[in-house]
Amino acid sequence: MAMSGASSPHSLLLQNPKRHLFNNPKSTTTAHINGFPLNHSSRPRNLISVTCSASSQVQDRPAAASQSQDRVINFAAGPAILPENVLKKAESELYIWRGSGMSVMEMSHRGKEFLSIIQKAEADLRTLLSIPSDYAVLFLQGGATTQFASVPLNLCKPEDPVDYMVTGSWGDKAFKEAAKYSKPTVIWSGKSDKYTKIPSFDELEQNPNARYLHICANETIHGVEFKNYPIPKNKDALMVADMSSNFCSKPVDVTKFGLIYAGAQKNVGPSGVTIVIIRKDLIGNAQEITPVMLDYKIHADNNSLYNTPPCYGIYMCGLVFEDLLAQGGLEEVEKKNKKKAHILYDAIDKSNGFYRCPVDKSVRSLMNVPFTLEKPELEAEFVKEAAGEKMVQLKGHRSVGGMRASIYNAMPLAGVEKLVAFMKDFQARHG
C-alpha cells in the first residue's frame, strides 16, 4: 500500500513526520505503589516493596502517578489495556476531530480527513518496524483468524505443501484452516508437552518443497514466544508469522518474512483491525476460489479502502503508533517490556513453588505470563482478592486454567509491581 504524502493534497498529518502528539510528563513520587493504591479497608496487610535496580535506566511510561482512581489494572489478554494518554487524546478528539467539525466515526473513509489518518498510521508503522518500500501494509478486518485462510489462499495452490510449527492453540487452529486450501504438515508440535517449549530449529524436519513455513510468534494462551526465528529449508520458501500478541513489542526484521499478520487488539489498538505486512511480489496470485475480501491484491490496489474499513480502530492504532515513537521506538519499548516481565517471572520463580510458571525459561513470553498456584483451591480466592485491589482479568484461559497476566506495551511498570506485591502478600497469608 504505497501512500505518498507528497501525492496527496490532504496529508494533514504527514507534513512533519517527526512531530508527535504525546509528551512524557515528569513522573512524580507517591506513597502508593507507583500510583496504584492498595485497599486496606478489608484487612491489614504487610506490603512488600518491589524494586528492580538492574534496569533503573529504563524509564517507564508516566501513567502510574496520573492513573485515574476509577480505572482498574487490566491484565486481559485481548481486547487489552491501551495507553492512558492515547485514550485521553482520543477522548479529547471524540466529538470533533482537529477542527473537522465531526468525529472520526462520522467521516467518509474516502474523505481528506480520514485519508490523512490512515496515511499517517501507515507511515508511522513503517517507521517503527523499518518496513521497506517493497512491502505493502494493509489494514483489514476479520481478526488474525481470518488470516488463517487468507494466507494459504493467497500464497499457494491447493496442491502445494506448506509447513506449520504448532507451539500453541493458535498455531494449531491456523494449521487446521490451512488444510482446506493447501497441503499442510505439522513439522513440530508442542502438544505432548502442553505447549511449554519451542524446539531447536536444527531438529525440524522441514519439507524441502514447502511453499512457506508458518509460526505463531507468541502464543497468547500458553505464554510461549519465539526469541529468534527458523529459516525455511527451501530457499524459495517464505516465513509467515502470526504476530498478534507481540506485534510492535520489540524490533523485528521484516525482511526475514514474506508475510506478517496481527490482530490489533493486543498491543496496538482496539479489536476490529487486522494488520498485514506482505512482500509486494507475493500479491496477485490468489486461488480462484478466494473471496474478494480475502484477496490481498484487492486491498493493496485500493490502499485498504476497497470497502469501508474499521475507521475508528485504524485511527486508534495511529495514536498508539505515535505513542510508541514518542517513547523512542521499539528498542526502548522492548527494554520496558523486559523489565516488567523480569519482575513478574522473578517473583514466581522465587516463591518456593507457591507460584509456578510451566513454560521453559528460554521461551517465556514477555507479553503473556501464565502461572499456577501450588494449592489450586486458592485460585478463585486469588482472583477475587486481586479484583478487590482493582487488578482484573487474571484468570487463565478456560482451556488451561490457572492464572495469566498479560503485560502488553501499555501495562505500566507500576501495574506489574502492584501485582507482585499482592502475590507476595497473598503467599504470606496462604502459604
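Structure: see above.
In this text, all values refer to a predicted model and were calculated from it rather than measured experimentally.

Asker: Just to check I follow, could you spell out the nonpolar core for this structure?
Answerer: Most often, soluble globular proteins have nonpolar side chains that are buried together. Of all hydrophobic cores here, the largest spans 96 residues; its most connected members are Leu129, Phe247, Ile275, Phe321, Leu344 and Phe382. Here the element with the most residues in this core is helix α7 (residues 311-326); it accounts for 10 residues. Those residues within four positions of Leu129 in sequence are excluded, and the remaining contacts are Phe247, Cys248, Lys250, Val252, Val254, Ile277 and Leu330. Core analysis: the second largest hydrophobic core is formed by 23 residues, Ala136, Leu238, Val240 and Tyr261 among them.

Asker: Whenever I open this one, the pairing of strand β3 (residues 161-166) confuses me. Can you help?
Answerer: In terms of burial, β3 is largely enclosed, as five of its six residues are buried. Sheet analysis places β3 next to strand β4 (residues 183-189), joined by six bridges and oriented parallel. Bridging from a neighbouring strand, Val166 pairs with Ser189 of β4. Read from β3 through helix α5 (residues 169-178) to β4, the crossover connection turns out right-handed. As defined by bridge partners, β3 adjoins strand β5 (residues 212-216) across two bridges and the pair is classed as parallel. Pairing of Asp163 across the sheet is with Leu213, part of β5.

Asker: Hey, could you run me through the sheet that holds strand β2 (residues 135-140) in this one?
Answerer: Neighbouring strands of a sheet are bound in pairs by backbone hydrogen bonds; such pairs are parallel or else antiparallel. Reading across the sheet, the seven strands line up as β2-β10-β9-β8-β5-β3-β4 and stay open at both edges, with mixed pairing between neighbours. Pairing within the sheet leaves two strands with one partner each, and these edge strands are β2 and β4. On average, each strand axis in the sheet is tilted by 15 degrees relative to the strand beside it, whichever way the strands run. Where helix α3 (residues 112-129) meets the sheet, its contacts fall on β2 and β10 (274-279), and the angle it forms with β2 comes to roughly 130 degrees. Against the sheet, helix α4 (residues 143-155) makes contact with β2, β5, β8 (238-242), β9 (259-263) and β10, and its axis sits at roughly 160 degrees relative to β9, the strand it touches most.

Asker: Would you explain the packing of aromatic side chains in this entry?
Answerer: What characterises a pair of aromatic rings is the spacing of the ring centres plus the angle enclosed by the ring planes. Counting across every chain of the model gives 14 aromatic pairs. Ring geometry for Phe148 versus Tyr261: centroids 6.4 Å apart, planes at 70 degrees, classification edge-to-face. On the criterion of sequence distance, the pair formed by Phe148 in helix α4 and Tyr261 in strand β9 is long-range, its members being 113 residues apart. Like Tyr261, Phe148 is buried.

Asker: Honestly, the packing of α4 against α5 in this entry has me stumped. Any pointers?
Answerer: Describing two packed helices takes the angle between their axes plus the distance from one axis to the other. Packing of α4 against α5 brings their axes to within 8 Å, and their N-to-C directions diverge by 45 degrees. Here α4 lies oblique to α5, going by the angle between them. Of the two elements, α4 crosses α5, and the hand of that crossing is right-handed. The residues of α5 that touch α4, namely those facing Thr145, Phe148, Ala149 and Pro152, are Trp170, Lys173, Ala174, Glu177 and Ala178.

Asker: I'm lost on the sheet that holds strand β11 (residues 355-356) in this one. Help?
Answerer: Sheet architecture is open: three strands sit in the order β11-β12-β14, paired in antiparallel fashion. Lying at the two open borders of the sheet, with one neighbouring strand each, are β11 and β14 (403-406). Relative to strand β12 (residues 368-373), β11 is paired through two bridges, and the arrangement is antiparallel. Bridging from a neighbouring strand, Arg356 pairs with Thr372 of β12. Along the sheet face, helix α8 (residues 330-349) touches β11, β12 and β14 and points at about 15 degrees away from the line of β12.

Scoring rules and cut-offs
Residues numbered from 1 in each chain as written. Predicted model: local features only at pLDDT ≥ 70, side-chain atom pairs only at ≥ 80, totals over all residues. Heavy atoms only, no water. Core = buried A, V, L, I, M, F, W, Y, C linked by side-chain atoms within 4.5 Å. Buried < 20%, exposed > 50% of the residue type's maximum accessible area, 1.4 Å probe, protein only. Helix = DSSP H or I, 4+ residues; strand = E, 2+ residues; numbered from the N terminus. Contact = heavy atoms within 4.5 Å. Pairing = 2+ DSSP bridges. Right-handed = clockwise from strand over helix to strand, strands pointing away. Axes fitted to C-alpha atoms, helices over the stretch in contact; angles between N-to-C directions. Phe/Tyr/Trp six-rings, centres within 6.5 Å; stacked < 30°, edge-to-face > 60°. Parallel < 35°, antiparallel > 145°, perpendicular 65-115°, else oblique. Left-handed = near helix turned anticlockwise from the far one by under 90°.

Without other data, these values stay purely geometric and don't point to any function.
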